[in-house]
Amino acid sequence: MIIGMWMTRDVVTISPHTPLAEAAAIMTGRRIRRLPVVERRDSDLHPVGIVTATDILHACPPDVNPFAVAASLSAKLSMTAQEIMSRSLRTAEPETPIEDAARILRDGKISTLLVVQKSRLVGLLTESDIFRAFVGILESTGAGARITFAVPEKEDIFGLVAPIAIHLGVRVTSLMTVDQADRKLCVIRVAGGNLDGFIDLIWKSGHNVLNVIKYA
């Protein structure tokens, strides 16, 4: 899966000259926590910064909650978005794999990626979108079983699983591998057929089965 499948396309943006009172009102009204700051060039929007709810809170006087009293903020705060926005932007293209996006967010300790195509803003990807994507990959979708077992680094997992599944009439609904500490794990979801027989043959193949979850 790629970023383009999960990103928000209808992105709410502001300009560098947007007053913070207006930015706070937009966040409150749209129930969002971040606003890309963009410049319009011809008919396209190009990101130049990003303002978060935390940025606005830090810019306000200690006695002002901008998201509770946004209508009266302008008298106490005259700054604009360009004065507080972060200019160090992390971006990715729509074709970027979702796992690469998750790695960028994790390593950068950030919660948002601006999605661009030829420097033009086309979407927004947040940590919540990442959660939705991985839940979509891993969640149960009906009766079956999920088996997690350890595998050697260079083993052909499909070559192991496919003959067993065909023999028992089991349908493989998903298969993925993941590196955890000093070992490699396979997480497979199967449905139909002889699930107990499938699990038993994985055991008998010499693999260390770490977890089995059955779904009714």
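Note: the structure precedes this text.
As the structure is a computational prediction, the values presented were derived from the model and not from experiment.

(A) Structural detail: the sheet that holds strand S4 (residues 112-117). Strand order in the open sheet formed by three strands is S3-S4-S5, and the pairing between neighbours is mixed. Here the strands that pair on one side only, and so sit at the sheet edges, are strand S3 (91-92) and strand S5 (120-126).

(B) Layout of the pairing of strand S8 (residues 183-191). Of all nine residues making up S8, eight are buried, and the element is well covered by its neighbours. Here strand S6 (residues 144-151) pairs with S8 via seven bridges, running antiparallel. Bridge pairing in S8 places Ile147 opposite Ile188. Direction of pairing for strand S7 (residues 171-180) relative to S8: antiparallel, over a ladder of nine bridges. The residue of S8 that forms the bridge with Gln180 is Arg183. The hairpin turn running from S7 into S8, its antiparallel successor, is two residues long, and Ala181 in that turn takes a positive phi close to 55 degrees.

(C) Inspection of the packing of helix H6 (residues 157-168) against helix H7 (residues 195-204) at higher detail. Across the interface, H6 lies against H7 with an axial gap of 10 Å and an inter-helix angle of 150 degrees. Seen along the crossing, H6 lies across H7 with a hand that is right-handed. Contacts between H6 and H7 involve Val161, Ile164, Ala165 and Leu168 from the former and Gly197, Phe198, Leu201 and Ile202 from the latter.

(D) Expanded view of the packing of helix H4 (residues 98-108) against helix H5 (residues 127-138). Two elements in contact, H4 and H5, have axes separated by 10 Å at closest approach and are oriented at 140 degrees. One way to sum up the angle between H4 and H5 is to call them oblique. In the packing of H4 onto H5, the handedness of the crossing is left-handed. The segment H4 lies against H5, with Ile98, Glu99, Ala101, Ala102 and Leu105 engaging Glu127, Ile130, Ala133 and Phe134. The class makeup of the residues in the contact of H4 with H5 is seven nonpolar, no polar and two charged.

(E) Spotlight on H6. Here H6 contains 12 residues, and its C-alpha end-to-end distance of 17 Å stays within 8% of the 16 Å for a straight helix at 1.5 Å per residue. For H6, every residue scored as buried is listed here: Ile157, Leu160, Val161, Ala162, Ile164, Ala165 and Leu168. Of the surrounding elements, those touching the buried residues of H6 are S6, S7, S8 and H7. The N-cap of H6, judged by a side-chain oxygen 3.3 Å from the amide nitrogen of Phe158 a few residues on, is Asp156. Remark: Gly169 follows H6 within two positions and exhibits a positive phi of approximately 70 degrees.

(F) Representation of the pattern of salt bridges. Enumeration over the complete set of coordinates arrives at seven salt bridges. Close ionic contact of Arg33 with Glu127 constitutes a salt bridge, the shortest N to O distance being 3.8 Å. In this pair, Arg33 sits in the loop between helix H1 (20-30) and strand S1 (34-41) while Glu127 sits in helix H5, placing the two residues 94 residues apart along the sequence. Classification of Arg33 as partly exposed rests on a relative accessible area of 47%. Classification of Glu127 by relative accessible area gives partly exposed; the value is 28%. Between Asp100 and Arg103 there is a salt bridge, and its shortest N-O distance comes to 2.9 Å. Here Asp100 and its partner Arg103 are both found in helix H4, three residues apart, which amounts to about one turn of the helix.

(G) Local environment of the environment of Gln180. As for its position among the elements, Gln180 is in strand S7. Separated by 61 residues in the primary sequence, Gln180 and Ser119 have C-alpha atoms spaced 36 Å apart.

(H) Geometry of unusual backbone geometry. Backbone geometry places Asp42, a non-glycine residue, at a positive phi of 60 degrees. Phi angles above zero are rare outside glycine, and Ser119 is one such case at about 70 degrees. Assignment of secondary structure puts Ser119 in the loop between S4 and S5. Residue classification places Ser119 among the partly exposed residues on the basis of a relative accessible area of 42%.

(I) Representation of a nonpolar patch on the surface within the structure. Residues Met1, Ile2, Met5, Ile137 and Leu138 make up a contiguous nonpolar surface patch of about 400 Å² in total accessible area. Tracing the sequence through the fold places Met1 in the segment before H1. Accessibility expressed as a relative area gives 41% for Met1, which makes it partly exposed.

Conventions and cut-offs
Residues numbered from 1 in each chain as written. Predicted model: local features only at pLDDT ≥ 70, side-chain atom pairs only at ≥ 80, totals over all residues. Heavy atoms only, no water. Pairing = 2+ DSSP bridges. Helix = DSSP H or I, 4+ residues; strand = E, 2+ residues; numbered from the N terminus. Buried < 20%, exposed > 50% of the residue type's maximum accessible area, 1.4 Å probe, protein only. Axes fitted to C-alpha atoms, helices over the stretch in contact; angles between N-to-C directions. Left-handed = near helix turned anticlockwise from the far one by under 90°. Contact = heavy atoms within 4.5 Å. Parallel < 35°, antiparallel > 145°, perpendicular 65-115°, else oblique. Nonpolar A, V, L, I, M, F, W, Y, C, P; charged D, E, K, R; others polar. Expected span 1.5 Å × (residues − 1). Polar contact = N/O pair within 3.5 Å; in protein donor to acceptor, adjacent residues only side chain to side chain. Salt bridge = Lys/Arg side-chain N within 4 Å of Asp/Glu carboxyl O. Patch = residues over 30% accessible without salt bridge, like charges linked within 9 Å, V, L, I, M, F, W, Y side chains within 5 Å. Areas by Shrake-Rupley, 256 points an atom, 1.4 Å probe, with all protein chains shown as cover.

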